[in-house]
Every structure is written in C-alpha cells, then in structure tokens.
Amino acid sequence: MEIYCNVCYNKAFIFCGILCLHHFQFSPSLLFCIHSHKLCSSSCWIWYSRDQRLFKCLYAGVDTHGILLFRTLVGKIFGSIGSVGGGLALGKEGPLVHTGACIASLLGQGGSAEYHLSSRWVRIFESDRDRRDLVTCGCAAGVAAAFRAPVGGVLFALEEVTSWWRSHLMWRVFFTSAVVAVVVRSAMNWCNSGKCGHFGAGGFIIWDISGGQEDYSYQELFPMAIIGVIGGLLGALFNQLTLYITKWRRTYLHKKGKRVQIFEACLISLVTSTISFVLPLLRKCSPCPQLETNSGIECPHPPGTDGNFVNFYCSKDKEYNDLATIFFNTQDDAIRNLFSAKTFHEYSAQSLITFLVMFYSLAVVTFGTAVPAGQFVPGIMIGSTYGRLVGMFVVKYYKKLNIEEGTYALLGAASFLGGSMRMTVSLCVIMVEITNNLKLLPLIMLVLLVSKAVGDFFNEGLYEEQARLRGIPLLDSRPKQVMRNMNAKDACKNQKVVCLPRVSRVIDIVSVLRTNKHNGFPVVDRGQNGESLVIGLILRSHLLVLLQAKVDFQNSPFPCGPGVLNRHNFSDFVKPASSKGKSIDDIHLTEDELGLYLDLAPFLNPSPYIVPEDMSLAKVYNLFRQLGLRHIFVVPRPSRVVGLITRKDLLLEEDGNTAMAELQSTSVRGLLNGRLLGGNAHLERPLLDNLVIE
C-alpha cells in the first residue's frame with residue numbers, strides 16, 4: 001500500500017504488520033507530514049498492525065477501525081498463548097493490554113454486531129468519549145493482570161495511553177485495576193493445588209526480592225549510574241535496529257503475501273528453539289555450590305522443572321548447567337533466577353554474555369513478525385542479564401558480602417525498559433510492585449532517569465518510532481520548533497475545503513462522500529447580508545446514517561420543520577468502536593431519491609473548535625493533542641467581540657433545585673444565533689449536540 005502527503009506529495013510505503021493474519025484499514029482526517037512539517041488532509045487508506053501504541057492514537061482522536069474486533073480478541077488470546085508458550089523472545093503484556101481493550105470495547109457497544117452477538121440491553125455507553133474511557137480502563141486492566149500491579153496499571157494508562165487526563169477517568173481506571181487485583185488473587189487461591197500449571201506459582205508478587213540486599217552505600221551509585229547509561233545505549237540501539245528491520249520487511253518481505261509472513265514466523269520459531277537447545281550443550285557443567293539448608297534452594301533440578309540450578313545433560317548428579325538454567329525455564333522463572341539473592345557465582349560471565357547477545361538478537365528479529373508480541377518481559381530479561389554482569393564485577397571489586405547480584409539485575413531491567421520504551425513513573429511503580437522491595441525505589445528512579453536521558457539523545461521511544469514508520473498520525477508531546485514560526489493558515493493553504501450547504505441535494509452529498517475520504521465537512525448557510533456563514537460541522541458517519549435511513553429526504557430545497565427530531569434516536573448515530581461502520585458503497589439509492597433534498601441543520605455540531613488564521617501552528621498542535629481533536633476550523637481574523645468569559649462565569653448558581661441552575665454571566669449564544677441564523681431551533685439545539693460534544 002502507498003500513502004501520499006497532500007502538502008508535499010511525498011510517497012511512503014506503509015509497513016503491513018499483522019496480527020493473526022487479519023488486516024484492517026482506517027482513514028485519518030489529518031496527518032502530520034514529517035517531510036514538510038505540516039498538518040495535511042489525507043485521503044489515503046493505511047494498513048496497520050495492532051499494538052498498544054495504537055490506543056494512544058485511538059484516545060487522541062484518530063479513528064482506527066478494526067483494532068478492537070471480536071475476531072481480533074480471539075486471535076490475540078490464542079496467538080499469545082502459542083507465542084509465549086513456544087518460548088519466543090517476546091512477552092505477554094502487550095497482548096494482554098490489547099485483550100483488555102477489546103473486551104472493554106465489546107462491552108461498551110453491547111457485543112459484536114458482525115457475529116450477531118450484540119444486545120441493546122448490554123449496551124452501556126453511547127458517547128465516543130465514554131467508550132474511549134472504557135477502552136482506557138481495559139488497557140489498565142491488561143497491565144494490572146499481566147504484572148499483578150494494579151497501581152502500575154493506572155499509571156500506565158495515564159502515561160502511555162491517554163493524551164490528556166480527567167479526574168473522572170481516574171477513579172474509573174482505579175476501580176477497574178482494583179477489580180482485576182481481586183479477581184487475580186481469587187484465581188490464584190483457587191489454583192493453589194497446582195491444577196493451573198505455572199499460573200500463580202510465584203504468588204501475587206511475581207518476583208519477590210524483599211529478602212535481598214537491605215541497604216546500599218554511596219560508592220555503589222556510580223556503577224548503578226553506569227547501568228543506566230548501558231540501558232539507554234542498548235535501548236536506543238534496540239529501537240533503531242527494530243526500525244531498520246521493519247523497513248526491510250515492509251520493502252522486500254511483506255509484499256510477497258501472507259504465506260511469506262507465516263513462513264517467517266515459523267523460521268524464527270525454529271531458530272529460537274535450535275539456539276535454546278544447542279547453546280547449553282556447548283557449556284560445561286558446574287559443581288553445585290554450598291547452599292544454606294534453610295535457603296529453600298535445591299541443587300540440581302532436573303530438566304522440565306523450575307529452579308535456580310538445572311541439570312542439563314550433566315555427567316554428575318551434583319552439577320548444573322548455568323546457561324540451561326536461563327533457557328529451560330519459563331520467562332517468569334528465568335527472571336526470578338536472575339533476580340535471586342544469595343546465589344553468588346550461580347552464573348558465569350561467559351554464559352551471561354552469550355545469553356545477552358543471543359536473546360537480544362532474537363528479540364530484535366522477532367519484533368514485528370506475524371505473532372502477538374510484547375516487549376516488556378524480553379526487556380526485563382535483557383536488562384537483568386547485563387545488570388547481573390555489572391553486579392558480579394561490583395561484588396568482585398568491593399568484596400562486600402552485603403551486595404547482591406540480583407539487586408543489580410533488577411536495576412538493569414529497569415534501565416533497559418527506560419532506555420527502550422521511555423516510560424518513567426508507571427514503569428517505576430510496576431517494578432516496585434512486582435518485586436515487593438520499596439527500599440530500591442530511589443535506585444530505580446535513578447537508573448530510569450539516566451537511561452531515558454541517554455536514550456532520548458539518540459532517538460524516540462519504541463512505540464513512537466514504530467507509529468511514525470507506519471504512518472500513524474501520533475502527535476508528540478511537544479510541537480516541532482519550526483511550527484513556532486508558522487501559523488494555522490500555512491498548514492491549510494494548499495487544501496481544498498469541501499463544504500456542504502445547509503439544505504443539500506442527496507446526489508451532491510453522495511458525490512462528496514465518494515470523492516473524498518474526509519470524516520468531517522463544514523456546513524454553510526446564507527446570512528442576512530447574502531454572505532456564506534459557517535453554521536457547523538457534519539460528520540461523515542452521521543451523513544451515512546441519514547442516507548441509509550432515508551426518512552429525512554424532502555422534496556423542497558427549504559429548511560425542514562421541527563418534527564424531524566422525533567424521527568431518530570440518539571443511539572442511531574453512535575459510531576461503532578470495533579468495526580468499520582457504514583460505507584457509502586453499502587448504501588443504494590434510486591434515481592428519484594438522489595433528486596431529493598436533505599436539511600443538515602438538526603444533525604450538525606453548531607460549535608466546532610475554531611482558530612484564527614494567524615494563530616501559531618504550535619498552539620494549534622497543542623489543541624489537537626490535548627483535546628484529542630480530529631478537525632478544527634481556520635477562520636479569517638476580522639471578528640467582533642460579543643462577550644468575554646472568565647472562570648467565574650463558568651460557576652453555577654443553584655437555587656435549591658439542581659434543575660434550576662443558570663450561569664452567572666448573561667449567555668450570548670441565543671442572541672447570536674437569533675441574529676445570524678434567524679433563531680432556528682435546529683441550529684440552537686440540534687439533535688446530536690451532546691453526541692458530538694462528547
């Protein structure tokens with residue numbers, strides 16, 4: 001597939017990343033062109049892969065059709081079971097975040113209409129904002145379930161999912177994460193007998209290292225800062241390598257069809273299995289160390305069981321293979337071994353370096369293949385490996401027994417995640433929750449700040465880089481410097497605005513929808529002086545609903561009467577969150593119907609966001625990102641002041657009855673509408689006003 005920028009006409013090939021071999025499309029109304037540094041209108045269809053980076057776009061106002069479908073949910077569940085259970089260099093937290101979002105979306109719209117599993121009795125939320133909030137709660141639930149970290153899930157939704165935050169959303173996400181914690185705890189209690197496999201084997205705290213290093217000295221701050229620098233360098237390198245491989249896949253490999261993508265996933269799985277089995281055979285077995293009788297650690301453990309010391313084709317009974325201890329355990333058990341305390345000299349430096357190089361390479365190659373994947377757990381394994389290496393050198397140099405190698409492994413895991421994903425607050429809390437060691441909080445904060453600063457010097461975070469590569473219009477936290485010298489008019493001077501008159505012919509509306517992929521159209525009307533006035537914004541999805549219903553068609557080209565408001569329900573215009581919705585190609589009209597007229601006044605948004613043409617483009621950028629906008633009107637500068645609103649004007653005065661509340665200042669909206677629009681009730685209070693404001 002190809003996409004063209006309407007401002008600079010640069011062409012780019014969009015990477016076709018897949019999830020369970022299902023592809024879907026979306027058409028953003030606005031796209032920030034990285035070549036011309038301008039916001040441009042896009043009429044292109046983009047292929048994309050589903051990941052948690054797309055939820056940031058979804059909540060920021062970008063319409064991403066198809067990422068929350070029921071079949072996506074099913075494929076994500078079974079695909080992640082196979083990929084994680086198969087031992088690939090990927091994690092389960094990404095698919096769990098996506099799974100939680102899919103479940104939340106399906107509950108919000110009452111099920112799946114595609115498979116006839118929907119019910120209006122189950123439908124809870126009707127507005128787009130409430131349903132986006134529900135998807136945000138689902139993302140937080142996925143993180144809370146993946147790491148058994150409810151507070152970390154709340155902060156993850158705050159830091160990584162939403163572009164702006166509301167206190168009303170905070171308690172919803174908090175309540176969702178609390179429910180997840182209770183359910184996970186109940187499930188673990190039910191699985192205590194071992195009937196659930198490895199689930200719950202480590203308790204509610206996945207990697208409990210509370211019995212490790214009790215204190216640290218100021219002399220250790222320097223090697224800990226070195227861990228942060230290493231994490232920033234390796235994290236930035238990981239982002240850059242995955243970016244190059246993604247470009248190569250997009251340019252050469254994925255153009256050959258889905259069979260090649262399936263073959264690629266099978267080949268990587270075969271290579272991963274071969275490396276995991278062959279490399280431990282090349283390592284010599286080591287004698288079991290002298291362990292304390294009350295430590296609860298047994299040496300050796302036979303293959304197929306979890307433990308610190310694994311006997312893998314060792315000639316003697318009291319020997320173990322340190323490299324097999326990492327490869328032949330589940331990811332949770334392998335990380336627990338790397339974090340373990342009082343296990344000095346469990347791993348040799350050669351084994352750790354070998355595992356670091358091979359697993360790092362496998363994680364780079366596996367990222368972006370046709371399997372559901374997350375990068376959180378692989379990042380912990382990579383970071384804990386080089387962190388334990390640094391810990392070995394610190395123990396050898398300082399020669400103090402109170403220094404634990406597992407503590408440095410934990411700091412290494414935090415540093416790599418900070419250097420790759422550039423998460424700070426949520427990652428810090430997640431690491432504390434999953435390790436149950438609050439004493440290491442200052443050290444985790446230190447390595448996170450250092451690794452993020454080093455990584456930001458080279459490139460952006462992992463998800464931001466991939467989103468930009470795939471052409472997803474994900475806006476950065478701050479506008480580019482060049483935008484400060486540009487205004488709103490510069491961003492849209494090459495665009496041809498497509499407007500609709502208030503009373504439009506049906507054939508003209510159909511023609512506009514067929515020739516344009518925009519999701520919103522300005523509606524104009526004649527004022528008292530004969531000049532064209534913009535009276536509102538009509539959405540594409542609302543036009544499709546009106547064309548399909550056909551009950552609002554009229555023979556005369558004059559405004560309709562007041563009875564039109566009773567022909568529709570509020571829920572008829574709610575956009576489906578997990579499907580493509582209606583298409584103009586699915587609507588069939590006769591010749592007589594095409595010649596009729598349609599009054600758009602009752603169905604438009606009479607108060608869209610408007611900016612003057614000389615406003616700084618940087619301010620427009622901040623409006624789009626902070627308010628999650630999809631459209632904004634650019635109007636001429638000459639205007640007349642009709643009032644001034646302050647904070648005090650927004651305070652309500654209640655006279656004992658909440659229904660009888662009025663603003664402190666005199667409203668000018670009714671006066672303005674009456675002067676410019678003739679006091680039409682449809683424009684003053686349209687049917688879909690609450691829906692479009694939400």
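Nothing here was measured: the structure is a model prediction, and the numbers come from that model. Residue positions are given per chain, counted from 1 along the sequence in the order it is written. The predicted nature of this model means local features are confined to residues of pLDDT at least 70 and side-chain atom pairs, given and counted, to a pLDDT of 80 or more, with totals for whole chains, interfaces and linings taken over all residues. Side-chain calculation: all heavy atoms of the structure are included, whereas hydrogens and water are not.

Now for the side chain of Thr 385. Numbering of helices and strands runs from the N terminus, with a helix taken as a DSSP run of H or I at least four residues long and a strand as a DSSP run of E at least two residues long. Following the sequence through the fold, Thr 385 ends up in helix H12 (residues 376-398). Residue Thr 385 is classed as buried on the basis of its relative accessible area of 0%. Within polar-contact distance, the side chain of Thr 385 engages the backbone oxygen of Met 381 at 2.6 Å. By definition in these notes, contact holds between two residues if any of their heavy atoms fall within 4.5 Å. Ignoring anything within four residues of it in the chain, the contact list for Thr 385 reads Leu 338, Leu 352, Phe 355 and Leu 356. Only protein chains enter the calculation, and the probe is 1.4 Å; a residue is then buried if its accessible area is under 20% of its type maximum, exposed if over 50%, and partly exposed in between. Whenever two N or O atoms come within 3.5 Å, that pair is a polar contact, provided that in protein one can donate a hydrogen and the other can accept it, and provided that, for residues adjacent in sequence, both atoms are side-chain atoms.

Quick look at the pattern of salt bridges now. Salt bridges are identified by distance alone: a Lys or Arg side-chain nitrogen within 4 Å of an Asp or Glu carboxyl oxygen. One pass over the structure, following the stated rule, counts 13 salt bridges. Of the charged contacts in the structure, one is a salt bridge between Glu 264 and Arg 249, with a shortest N-O distance of 2.4 Å. With a gap of 15 residues between them, Glu 264 in helix H8 (residues 258-282) and Arg 249 in helix H7 (residues 221-253) connect regions that are remote in the sequence. Exposure class is identical for Glu 264 and Arg 249. Each is buried. Taking the shortest distance from any N to any O, the salt bridge between Asp 456 and Arg 422 comes out at 3.0 Å. With Asp 456 in helix H15 (residues 441-458) and Arg 422 in the loop between helix H13 (405-421) and helix H14 (425-435), this residue pair connects regions lying 34 residues apart in the sequence. On the accessibility criterion, Asp 456 (38% relative accessible area) is partly exposed. On the basis of relative accessibility, which here comes to 8%, the residue Arg 422 falls in the buried class.

Fitted lines through C-alpha atoms give the axes, limited to the stretch in contact for helices. The angle between two N-to-C directions lies from 0 to 180 degrees. Where H7 meets H12, the closest approach of the two axes is 11 Å, and the angle between their N-to-C directions is 155 degrees. Here H7 lies roughly antiparallel to H12, going by the angle between them. The crossing of H7 and H12 is right-handed. Counting all contacts with H7, which are made through Pro 223, Ile 227, Ile 230, Gly 231 and Leu 234, the residues of H12 involved are Tyr 386, Gly 387, Val 390, Val 394 and Tyr 398. Residues of the contact of H7 with H12, tallied by class, amount to eight nonpolar, two polar and no charged. Oblique is the label for any angle not covered by the other classes, which are roughly parallel (under 35 degrees), roughly antiparallel (over 145) and roughly perpendicular (65 to 115). Handedness of a crossing follows from how the near helix is turned relative to the far one, being left-handed for an anticlockwise turn of less than a right angle and right-handed for a clockwise one. Lys, Arg, Asp and Glu make up the charged group, whereas Ala, Val, Leu, Ile, Met, Phe, Trp, Tyr, Cys and Pro make up the nonpolar group; the residues left over, Gly among them, are polar.

Here the focus is the packing of aromatic side chains. The description of an aromatic ring pair uses the distance of the two centres, along with the angle that the planes make with each other. Side-chain rings of Phe, Tyr and Trp, where Trp is taken by its six-membered ring, are said to pair if the distance between their centres is within 6.5 Å; with planes under 30 degrees apart they count as stacked, over 60 as edge-to-face, and otherwise as tilted. Under the definition given, this model contains 14 aromatic pairs. With a centroid separation of 5.9 Å and 90 degrees between ring planes, the pair formed by Trp 207 and Phe 339 is classed as edge-to-face. With Trp 207 in the loop between helix H6 (167-190) and H7 and Phe 339 in helix H10 (residues 331-339), this pair connects stretches of sequence that are 132 residues apart. Here the two residues Trp 207 and Phe 339 agree in accessibility, since each one is buried.

On the basis of which strands lie adjacent, the open sheet formed by three strands has the order S9-S11-S12 and mixed pairing. On the outer flanks of this sheet lie strand S9 (500-501) and strand S12 (532-539), each paired with one strand and no other. Across two bridges, S9 lies against strand S11 (residues 520-526) in parallel orientation. What sits directly across from Pro 501, in S11, is Val 524. On top of the sheet, helix H19 (residues 540-549) reaches S9, S11 and S12; it is set at about 80 degrees to S12, its chief contact. Pairing between strands is defined by DSSP: at least two bridges between them are needed.

Turning our attention to the nonpolar core. Only buried residues count toward a nonpolar core, which is a set of Ala, Val, Leu, Ile, Met, Phe, Trp, Tyr and Cys residues joined through side-chain atoms within 4.5 Å. One finds Phe 147, Phe 339, Phe 376, Met 431 and Ile 444 to be the most contacted residues of the largest nonpolar core, which totals 76 residues. The element best represented in this core is H12, accounting for 11 residues. By size, the runner-up hydrophobic cluster in this structure holds 27 residues, among which are Val 498, Val 506, Val 545 and Phe 603.

This part covers the UniProt feature "transmembrane region" (unreviewed entry) in the protein chain. According to UniProt, the "transmembrane region" (unreviewed entry) feature falls on residues 134-157, 169-188, 221-242 and 352-370. Span residues 169-188 is 100% helix and 0% strand, its end C-alpha atoms 29 Å apart. For residues 221-242, the helix share is 100%, the strand share is 0%, and the end-to-end C-alpha distance is 31 Å. UniProt positions are given in the numbering used here, feature names are shortened, and annotations may be inferred rather than shown by experiment.

Take the environment of Leu 441 next. By the element assignment, Leu 441 lies in helix H15. Judged by relative accessible area, Leu 441 falls into the partly exposed class, the value being 27%. For the pair formed by Leu 441 and Cys 428, sequence separation is 13 residues and the distance between their alpha carbons is 7.5 Å.

Once that is clear, we can look at the pairing of S12. As judged from the seven bridges shared by S11 and S12, these two strands associate in the antiparallel manner. Bridging from a neighbouring strand, Pro 522 pairs with Leu 537 of S12. What sits between S11 and S12 in their antiparallel hairpin is a turn of five residues, with Gly 530 showing a positive phi close to 85 degrees.

The next subject is unusual backbone geometry. Even without being a glycine, Arg 422 presents a positive backbone phi close to 60 degrees. One non-glycine residue, Asn 436, lies in the positive phi region at around 60 degrees. For Asn 436, the location among the structural elements is in the loop between H14 and H15. Judged by relative accessible area, Asn 436 falls into the partly exposed class, the value being 37%.

Our focus in this paragraph is the environment of Met 445. Structurally, Met 445 can be placed in helix H15. It is 8.5 Å that separates the C-alpha atoms of Met 445 and Val 425, two residues lying 20 residues apart in sequence.

What follows covers the state of the cysteines. Here, a disulfide means two cysteine sulfur atoms that sit within 2.5 Å of each other. Within the structure shown, the criterion is met by one disulfide. Across the disulfide from Cys 285 sits Cys 314; the S-S distance is 2.1 Å. Taking the torsion about the sulfur-sulfur bond, which here is approximately -90 degrees, the covalent link between Cys 285 and Cys 314 counts as left-handed. Of this pair, Cys 285 sits in the loop between H8 and strand S7 (286-287) while Cys 314 sits in the loop between S7 and strand S8 (319-320), placing them 29 residues apart in sequence. Cys 285 gets classed as partly exposed once you look at its relative accessible area, which sits at 24%. This cysteine, Cys 139, is not joined by any disulfide, and Cys 102 carries the nearest cysteine sulfur, 9.1 Å off.

To estimate how far a helix should reach, multiply one less than its number of residues by 1.5 Å. Counted at 1.5 Å a residue, the expected span for H12 with its 23 residues is 33 Å, and the 32 Å between its end C-alpha atoms agrees. Counted residue by residue, H12 has 19 buried out of 23 residues, so it is predominantly covered. Lys 399 lies just past H12 and shows a positive phi near 55 degrees.

Moving on, we get to a nonpolar patch on the surface. Patch rule: a residue counts if its relative accessible area is over 30% and it has no salt bridge; like charges are joined within 9 Å, and nonpolar side chains (Val, Leu, Ile, Met, Phe, Trp, Tyr) within 5 Å. Each accessible area is a Shrake-Rupley estimate made with a 1.4 Å probe; only the visible protein chains count as cover when residues are assessed. Taken together, the side chains of Phe 277, Val 278, Leu 281, Leu 282 and Tyr 313 present a nonpolar region at the surface, about 530 Å² in accessible area. Tracing the backbone through its elements, the reader meets Leu 282 in helix H8. A residue is classified by how much of its surface remains accessible, and Leu 282, at 66% relative accessible area, is exposed.

Before going further, it helps to examine the environment of Val 620. If you trace the backbone, Val 620 turns up in helix H21 (residues 617-627). Its relative accessible area of 4% is what places Val 620 among the buried residues. With 10 residues separating them along the chain, Val 620 and Ile 610 place their C-alpha atoms 9.9 Å apart. Excluding residues that lie within four positions of it along the chain, Val 620 makes contacts with Ala 488, Val 611, Met 615 and Ile 632.

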